[in-house]
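A look at the structure
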Amino acid sequence: MSVRRLAPDHVQPASFAFDVANENWADQQIAKYPEGRQASAVIPLLWKAQEQHDGWVPRAAIEEVARKLGMAPMRVMEIATFYTMFNLQPVGEHFIQLCGTTPCALRGAEAIRKVCEDVIGPQSTVSADGKLSWLEVECLGACCNAPMVQINFDYYEDLTPENFKTLLDDLRHGRPVKTGSQIGRSGSEPLGGGETLKDAALYDGTVIGAGDWKARVTEQRKAAAEAAAAKAAAEAEAKKAEAAKAEATPATPSKPATETASPGRPQPSSPGQPTSAANDTPATQGKVDPKSAGEAAKSADPAAPKPVK
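Residues numbered from 1 in each chain as written. Predicted model: local features only at pLDDT ≥ 70, side-chain atom pairs only at ≥ 80, totals over all residues. Heavy atoms only, no water.

**Regarding the side chain of Ser-127**
Summarising the element assignment, Ser-127 is placed in the loop between α6 (109-119) and β2 (132-137). You can call Ser-127 buried: its relative accessible area is 7%. Within the local environment of Ser-127, its side chain forms a polar contact with the backbone nitrogen of Lys-131, the two atoms lying 3.3 Å apart. Residues in contact with Ser-127, not counting those within four places in the same chain, are Ile-120, Leu-132 and Arg-172. (Helix = DSSP H or I, 4+ residues; strand = E, 2+ residues; numbered from the N terminus. Buried < 20%, exposed > 50% of the residue type's maximum accessible area, 1.4 Å probe, protein only. Polar contact = N/O pair within 3.5 Å; in protein donor to acceptor, adjacent residues only side chain to side chain. Contact = heavy atoms within 4.5 Å.)

The structure is reproduced here in structure tokens:
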């Protein structure tokens, strides 16, 4: 991990203050956060300070941001020294960030680094005319078109020592330059252009399938609609026939509930219906009327003697 320190005292400005436009912008950023959370605006304010101060953040700007947000200056210093997006030393008008990680290194980033050293000088130094400075950084995410650099806010890709020297010379003298690939590559296509889907007929909709594809699709949709209509008509006819059959069939007369009851259950008037009459009067249980008993015996046997009174 690189050590990030503030610029030497002899290059530090004595003071820093946001201009009117940036002061209003900073107030709008702070207003986005609830009371007591103003410190959340520290990164956008540092970024705006860097934009205003020629692309780098001096100590006075860190102190001004801390004062405006009610933070300890050391807390803002921690933010500024942690994020590499903040430049802590003066940079050139065109600040070059060279990607030196593995994909770019495998594609010639060392040769691009040598050009920076020869044309500009050591890292973190500004050329004598103030136009150029450079710094090696971590991956910038354009590995497909390596090697590459970021200059201010733009990417320049597919670099060679020759075209990179030309690019730096054009920037130094204010000539227009082309961003992106420096060898005419389109996006992230392979070198030499794409090798697939090159047949123009693939993009001509009139030759899809055989014959006139529009007419074919129209006929397919018409046939599908006719089939759906025929199916619906057949279902309607079937339902109509079932309804007519139900009306022509006589209804079966219904039987009384007592006749349709389960045959295993005796009806209320059936002789076999059990009775509990003998148990209705508990006081008569176990007692027999002698007169009734004698009459019953006489009817059963006429020769039997009459009971003595």
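Structure shown, so let's carry the discussion forward.
**A look at the nonpolar core**
Grouped together as the largest cluster of nonpolar side chains are 21 residues, with contacts concentrated most on Val-42, Leu-45, Leu-46, Val-65, Leu-69 and Val-76. Put simply, the parts of the chain that give this core at least two residues each are α1 (20-30), α2 (42-52), α3 (59-69) and α4 (73-82). A per-element tally of this core places α3 first, with 6 residues. Sequence-distant contacts of Val-76, that is, excluding residues within four places in its chain, are made with Val-42, Leu-46, Ile-62, Val-65, Ala-66 and Met-71. (Core = buried A, V, L, I, M, F, W, Y, C linked by side-chain atoms within 4.5 Å.)

**Examining the layout of surface pockets**
Here the largest pocket is characterised by a volume of approximately 1,100 Å³. Those elements that place two or more of their residues in the lining of the largest pocket are α2, α4, β1 (94-99) and β2. Of all the elements, β2 adds the most residues to the lining of the largest pocket, at 5 residues. Broken down by class, the residue content of the lining of the largest pocket amounts to 18 nonpolar, 13 polar and 7 charged. (1 Å grid on protein atoms, 1.4 Å probe; cavity = no way out; pocket = protein on both sides within 12 Å on 5 of 7 lines; lining within 4 Å. Points joined across faces, edges and corners; volume = space filled by probe spheres on them. Nonpolar A, V, L, I, M, F, W, Y, C, P; charged D, E, K, R; others polar.)

**Concerning the packing of aromatic side chains**
Counted under the stated rule, the structure contains 4 aromatic pairs. Note on Phe-16 and Phe-18: the rings are 5.3 Å apart at their centroids and 80° apart in plane angle, and the pair reads as edge-to-face. Comparing Phe-16 with Phe-18 shows no difference in burial state: the two are buried. Ring centres 6.5 Å apart and planes at 65° place the aromatic pair Trp-47 and Phe-153 in the edge-to-face group. (Phe/Tyr/Trp six-rings, centres within 6.5 Å; stacked < 30°, edge-to-face > 60°.)

**Structural notes on the sheet that holds strand β4 (residues 154-157)**
The mixed open sheet is built from 5 strands, whose spatial order is β2-β1-β3-β4-β5. Sheet topology places β2 and β5 (180-181) at the edges, where each strand pairs with a single neighbour. Direction of pairing for strand β3 (residues 149-151) relative to β4: antiparallel, over a ladder of 3 bridges. Each residue of the ladder has a partner; that of Val-149, found in β4, is Tyr-156. (Pairing = 2+ DSSP bridges.)

**Brief notes about the environment of Thr-84**
Mapping Thr-84 onto the fold places it in the loop between α4 and β1. Take Thr-84: its relative accessible area is 57%, and that puts it in the exposed class.

**Quick notes on the pattern of salt bridges**
Counted by the stated rule, this structure contains 14 salt bridges. A salt bridge links Glu-23 to Lys-68; its shortest N-O distance comes to 2.5 Å. Note that Glu-23 is positioned in helix α1 and Lys-68 in helix α3, a separation of 45 residues in sequence. Judged by its relative accessible area of 22%, Glu-23 falls in the partly exposed class. In this structure, Asp-170 and Arg-175 form a salt bridge, with 2.8 Å as the shortest nitrogen-oxygen distance. Overall, Arg-175 belongs to the partly exposed group, its relative accessible area being 38%. Through salt bridges with shared partners, a single ionic network connects Glu-23, Asp-27 and Lys-68. (Salt bridge = Lys/Arg side-chain N within 4 Å of Asp/Glu carboxyl O.)

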